[in-house]
Amino acid sequence: MQEPFKAILITRDDDKVQSVETREIGLAELMDGDVVVEVEATTVNYKDGLAITGKAPVVRRWPMVPGIDCAGTVVQSDHEGYKEGDQVILNGWGVGETHTGAYARYARLSGDWLIHRPSGLSALDAMAIGTAGYTSMLCVMALERYGITPASGPILVTGANGGVGSVAISILSKLGYEVVASTGRPDEAEFLRSLGASEIIDRAELSEPGRPLGKERWAGGIDSVGSHTLANALSMTRYGGAVAACGLAQGADLPATVMPFILRGVALLGVDSVMAPKQRREEAWSRLTQDLDLSKLHALSKTIGFDDIIDTAKALIDGKVRGRVVVDMK
Ligand code: NDP
């Protein structure tokens, strides 16, 4: 292990003003853990954008190395499940929020948080999927557990050009679902069709206050947007359908009525990736190797370097990033 190494650090002064800088640090500045991972690839997720811009109180310990996920190689381990040379993936568990994270050459982590990277998935591909894509898979699995199948009818995907949305479209289309994509970027319609969307709607149709019950348009939904968008997604879900909710890009509120639940038996399925149990994570990552077309993954992701992370995080929060961003740390 070579020290010192480059890391992004979020600090806070006595007046609680946050600053972000790139600095050389040593392993001693990383928090405790029984496995040290050399980070080969990481990503910029919405939550990383919130942490770096300080737009929401994601970081709860200072100084913090942000970065909520990574793929890399174990370089030191006191954990029985992992040995030097193992290729691993880390998502969530408060890493990059309360535990020093992935935007550094090395991350010291708990082995309990790691999973082995499935064979057939490179570190860069694993992070092209990243937490956003893995959450898309968790949403698809939630709809399946509820009994939704391609025969049930179309599935709405909101925030379609975002990380969760674009991977969700790709997975659903490979599984044979008809996908209705909601976006505020209609100029990206061709891109969304290339991922497998068969209908594109303007997100303005969903993002304003709507009726308690609308026309029944879809059998289910994957929503990463929240607020009025989720309320309208529910109000237009067909009898017996379900919407998997995982995000808040429009807002954390849910200005809805109970009408879709009590008159149409619609279900709202909450999806969390951060504390998801290991077995479900392993299932999701294994499914991703089968149910996500790698050529579509490559089409929806772009690769950047470590020095581009901060600017990309800001652009993501401004809604200027399409699909997924992979950071090549090598
Ligand atoms: P991105 O920024 O990549 O995508 C968000 C998308 O939402 C945008 O691309 C845009 O899509 C749409 N959007 C943005 N602002 C608004 C708005 N004001 N009104 C309506 N739509 C809007 O983020 P991710 O895909 O990485 O994450 C999406 C959400 O999911 C975030 O809130 C994130 O925190 C959450 N998330 C939750 C997880 C969990 O464990 N529950 C895990 C991962 C993510 P378009 O331009 O197509 O309209």
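For clarity, every value in this text was computed on a predicted model and none was experimentally measured.

Conventions and cut-offs
- Residues numbered from 1 in each chain as written.
- Predicted model: local features only at pLDDT ≥ 70, side-chain atom pairs only at ≥ 80, totals over all residues.
- Helix = DSSP H or I, 4+ residues; strand = E, 2+ residues; numbered from the N terminus.
- Buried ≥ 20, exposed ≤ 12 C-beta atoms within 10 Å, placed from the backbone.
- Contact = placed C-beta atoms within 7 Å.
- Axes fitted to C-alpha atoms, helices over the stretch in contact; angles between N-to-C directions.
- Parallel < 35°, antiparallel > 145°, perpendicular 65-115°, else oblique.
- Nonpolar A, V, L, I, M, F, W, Y, C, P; charged D, E, K, R; others polar.
- Near = placed C-beta within 6 Å.
- Domains from an automatic or database assignment.
- Core = buried A, V, L, I, M, F, W, Y, C linked by C-beta atoms within 7 Å.
- pLDDT = per-residue confidence, 0-100.
- Pairing = 2+ DSSP bridges.
- UniProt positions renumbered as here; feature names shortened; annotations may be inferred.

**With respect to the overall build of the chain**
If you tally the helices and strands in the chain, you get ten helices and 15 strands. C-alpha extents for the chain along the principal axes are approximately 60 × 45 × 35 Å. By the burial criterion, 51% of the 330 residues in the chain qualify as buried. Of the contacts formed within the chain by residues at least 6 apart in sequence, a portion of 71% connects residues at least 24 apart.

**Quick notes on the packing of helix α2 (residues 123-145) against helix α8 (residues 278-291)**
Closest axis-to-axis distance for the α2/α8 pair is 9 Å, and the angle between their directions is 95°. Comparing the axis directions of α2 and α8 gives the class roughly perpendicular. Residues I129, G133, Y134, M137, L138 and M141 of α2 touch α8, and the partners they reach there are A284, W285, R287 and L288. Class assignment for the residues of the contact of α2 with α8 results in eight nonpolar, one polar and one charged.

**Regarding the site of the ligand**
If you check the shell around the ligand, you find 33 residues, and the closest are G159, N161, G162, G247 and S273. Where the shell around the ligand is concerned, the elements lending two or more residues are α1 (46-53), α2 and α3 (163-174). When grouped by side-chain class, the residues that make up the shell around the ligand number twelve nonpolar, 17 polar and four charged. In terms of domain composition, the shell around the ligand takes at least three residues from each of domain 1 (5-117 + 298-328) and domain 2 (131-270).

**Some remarks on the nonpolar core**
In globular proteins that are soluble, nonpolar side chains generally tend to be buried together. Within the largest apolar cluster, 103 residues are counted, with the highest numbers of intra-cluster contacts made by V37, A41, M127, C139, A168, I169 and A244. The element contributing the most residues to this core is α2, with 14 residues. Two domains each put at least three residues into this core: domain 1 (5-117 + 298-328) and domain 2 (131-270). Residues contacting I169, with those up to four places away along its chain left out, are V157, A160, V179, A181, L192, L195, G196 and A197.

**Comments concerning the confidence of the model for the chain**
Averaged over all residues, the pLDDT of the chain is 96; the fraction at 70 or higher stands at 100%. Taken over the whole predicted complex, pTM reads 0.95, whereas the ipTM for its chain interfaces reads 0.99.

**Some points on the domain arrangement of the chain**
Taken domain by domain, the chain holds domain 1 (5-117 + 298-328) and domain 2 (131-270). Taking the mean C-alpha position of each, domain 1 and domain 2 sit 29 Å from one another. The partner domain 2 presents 13 residues to the eleven residues of domain 1 that form the contact.

**Structural notes on the sheet that holds strand β10 (residues 199-202)**
Here we have six strands laid out as an open sheet, ordered β10-β9-β8-β11-β12-β13, and parallel in their pairing. Each having just a single partner strand, β10 and β13 (267-270) make up the two edges of the open sheet. Adjacent strand axes in the sheet meet at a mean angle of 20°, parallel and antiparallel pairs treated alike. Examined bridge by bridge, strand β8 (residues 155-157) and strand β9 (residues 179-183) share three bridges and lie parallel to one another. Looking across to β9, one finds that V157 is bridged to A181. Running over the sheet, helix α6 (residues 227-235) touches β8, β11 (218-223), β12 (237-245) and β13 and is turned about 150° from β12.

**So, unusual backbone geometry**
In this structure, the amide linkage connecting E3 to the following residue, P4, adopts the cis form with an omega of -10°. Within the fold, P4 resides in the segment before β1 (5-12). Following W62, the chain continues into P63 via a peptide bond in cis, with omega recorded as -10°. Mapped onto the elements, P63 comes out in the loop between α1 and β4 (69-77). Phi is positive for K16, which is not a glycine, with a value near 65°. Along the polypeptide, K16 turns up in the loop between β1 and β2 (18-25). Residue classification places K16 among the exposed positions, given that 8 C-beta atoms sit within 10 Å. Phi is positive for W93, close to 60°, though the residue is something other than glycine. By secondary structure assignment, the location of W93 is in the loop between β5 (87-91) and β6 (106-109).

**Here we look at the UniProt feature "domain: Enoyl reductase (ER)" (unreviewed entry) in the chain**
UniProt feature "domain: Enoyl reductase (ER)" (unreviewed entry): in the numbering of this structure it lies at residues 15-327. Counted over residues 15-327, helix gives 32% and strand 25%. Its end C-alpha atoms are 32 Å apart.

**What to know about α6**
Counting buried positions along α6 yields eight of nine residues, so the element is predominantly enclosed. What α6 keeps buried is the set S227, T229, L230, A231, N232, A233, L234 and S235. Residues of α6 that are buried sit in contact with β8, α5 (204-207), β11, β12, α7 (259-264) and β13.

**Thoughts on the environment of L114**
With respect to the helices and strands, L114 occurs in the loop between β6 and β7 (115-116). Once the C-alpha coordinates of L114 and V88 are considered, the two residues, 26 residues apart in sequence, prove to be 6.3 Å apart. In contact with L114, not counting residues within four places along its chain, are V35, Y82, V88, L90 and L109.

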